[in-house]
Amino acid sequence: MNLNFQHKRVLVRVDFNVPLEKGTFRITDDTRMRAALPTLRAILDGGGALILMSHLDRPLKKLKEDGTIDVQRFTLRHLIAHLSELLGRPVQFAENCLGEIAAEKAAALKSGEVLLLENTRFHKGEEKGDEVMAKQLASLGDIYVNDAFGTAHRAHASTTTIAKFFDKSHKTFGFLMQAEINNANKVLGNPERPLTAIIGGAKVSDKILVLERMLDLADSVIVGGGMAYTFWKAQGGNIGSSLCEDEKLDLAKTVLAKAEAKGVKIYLPIDSIAADRFDAEANTQTVASNAIPTGWMGLDIATQAIETFGEVIRNAQTILWNGPMGVFEMEKFANGTREVAQAVADATQAGAFSLVGGGDSVAAVNQMGLEDSISYVSTGGGAMLEFLEGKELPGIAAINA
Ligand code: 3PG
Ligand code: MG
């Protein structure tokens, strides 16, 4: 970010894809907005004017019945008041990120002023990474700053293609993007050992790449969430009607064999909270995860698993956590994820470095008020996962190009 912003119109791609309350459109979690503030303030303090671009949700995949965009639902207008409060100054709005409206408002901006553009995903060209759209967006500003880490895995017009239209001395990462990259590299680079990766979530197929990467990097890998049952079944366990990807059983066996060959210890949850149906009010019992009665399904890790996982986590020097241990959104099955959050926080207090990424694990940390007890909480779900898998993210590559 060491560019001269004085009297410059600075186009910043932020990820303001924040959750809104149904009906009222109230922002229910403004973490991503607050995370972009250091970059936005630095540009304003440096004498620049801000032109902010973001998407919100996936409006073209959620069209109204008549086939048109639900502008009322997906407009970035919902963010103006809060953004203005966060920045302590008025925020202007362009009701189209392209065309004359945007061009005129951008051209009239003075140092210290802020213009927010309407949802970039109202145009088909955004998700296609369209050059014409990217060029039009680029024409609005003198400098391009990408601070949208949460969207860095998308090769979209405003996140990636646009960077082509700025030379090296007119484009840069924002502070958030840089912090995400630096912190992820603390895990991937030369981590203090032992390195423990905690990988949860419903499906092996979503997490297989990061699991395989961790077999090369970590000393131990904790597997929780629905995906654990595919691993138990692969070893001949009875998992009742727990989630299972039958077509991934061989893959699970391969992962276990690879881990053994590499000397990486894999921890599966010894016991589970099983439910008689997938419901917040289901009846529950604690059972061995490889002996779940017919008709019952494992929806959370139970006492012994929590104890074992907790011990491994508290002994780690570097911790990566992505994905919940159970059906965190239902109170009865949220405990395992919370206990893991607590263990990660305890280890961090004792000196470990911890990185948490991904929707539910971050939600657990926030819900427990532990965000300040974790070394780094990522604003990226899919983006952080792909970064950890070892992929080059298009939004990052475009700035470096
Ligand atoms: C996210 O929340 O995952 C990012 O904002 C990217 O959005 P997307 O998954 O709809 O591309
Ligand atoms: Mg996503």
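What counts, and at which threshold
- Residues numbered from 1 in each chain as written.
- Chains lettered and ligands numbered in written order.
- Predicted model: local features only at pLDDT ≥ 70, side-chain atom pairs only at ≥ 80, totals over all residues.
- Heavy atoms only, no water.
- Pairing = 2+ DSSP bridges.
- Helix = DSSP H or I, 4+ residues; strand = E, 2+ residues; numbered from the N terminus.
- Buried < 20%, exposed > 50% of the residue type's maximum accessible area, 1.4 Å probe, protein only.
- Salt bridge = Lys/Arg side-chain N within 4 Å of Asp/Glu carboxyl O.
- Lys, Arg positive; Asp, Glu negative; His and termini not counted.
- Polar contact = N/O pair within 3.5 Å; in protein donor to acceptor, adjacent residues only side chain to side chain.
- Contact = heavy atoms within 4.5 Å.
- Near = heavy atom within 4 Å.
- Areas by Shrake-Rupley, 256 points an atom, 1.4 Å probe, with all protein chains shown as cover.
- Arc of directions from axis to C-beta.

Caption draft 1: Representation of the sheet that holds strand β17 (residues 376-377) in the model. Read across the open sheet, the 6 strands follow the order β10-β8-β7-β15-β16-β17; overall the sheet is parallel. Strand pairing shows two members of the sheet lacking a second neighbour, β10 (265-267) and β17, which therefore form its edges. As paired strands, strand β7 (residues 195-199) and strand β15 (residues 318-322) are joined by 5 bridges and run parallel to one another. Bridge pairing in β15 places Leu 195 opposite Thr 318.

Caption draft 2: Spotlight on the pairing of strand β11 (residues 271-275). For β11, the buried fraction is high: 5 of the 5 residues fall into the buried class. Here 5 bridges tie β11 to strand β12 (residues 284-288), and the two strands are oriented antiparallel to one another. In the strand pairing of β12, Asp 271 is matched with Ala 288. Note that β11 and strand β14 (residues 297-301) share 4 bridges and pair antiparallel. Its bridge partner being in β14, Ser 272 is matched across the sheet by Ile 301.

Caption draft 3: Just the pattern of salt bridges, in detail. Considering all chains together, one arrives at 19 salt bridges under this definition. Taking the shortest distance from any N to any O, the salt bridge between Asp 219 and Arg 193 comes out at 3.0 Å. Here the residue Asp 219 occupies a position in the loop between α8 (204-217) and β8 (220-223), and Arg 193 occupies one in the loop between α7 (175-188) and β7, the gap between them amounting to 26 residues. Residue classification places Arg 193 among the partly exposed residues on the basis of a relative accessible area of 42%.

Caption draft 4: Highlighting the side chain of Asp 271. Locating Asp 271 in the fold gives a position in strand β11. Lacking a salt bridge, the buried Asp 271 has Arg 314 as its closest oppositely charged neighbour, with an N-O distance of 14 Å. A polar contact is formed between the side chain of Asp 271 and the backbone nitrogen of Gln 304, at a distance of 2.9 Å. Setting aside residues up to four positions removed in sequence, Asp 271 forms contacts with Thr 286, Val 287, Ala 288, Ser 289, Asp 300, Ile 301, Ala 302, Thr 303, Gln 304 and Ala 305.

Caption draft 5: Spotlight on the site of ligand 1. Lining the immediate surroundings of ligand 1 are Asp 15, Asn 17, Arg 32, His 55, Arg 58, Arg 121, Gly 150, Thr 151 and Arg 154. Interatomic distance of 2.6 Å between a side-chain N/O atom of Arg 58 and an oxygen atom of ligand 1. Measuring from an oxygen atom of ligand 1, one finds a side-chain N or O atom of Arg 121 at 2.9 Å. Look at ligand 1: alone it shows 300 Å² of surface, and the protein chains cover 84% of it.

Caption draft 6: Structural detail: helix α6 (residues 131-138). Along α6, the residues classified as buried are Met 133, Ala 134, Leu 137 and Ala 138. Across the axial projection of α6, the buried residues extend over an arc of 135°, all falling on one side. Residues of α6 that are exposed and point more than 90 degrees away from the buried face comprise Val 132 and Lys 135. Looking at the buried positions of α6, the neighbouring elements they touch are β1 (9-13), β2 (49-53), β4 (114-117) and α5 (124-128). Structurally, the start of α6 carries an N-cap: the backbone nitrogen of Val 132 is 3.3 Å from a side-chain oxygen of Asp 130.

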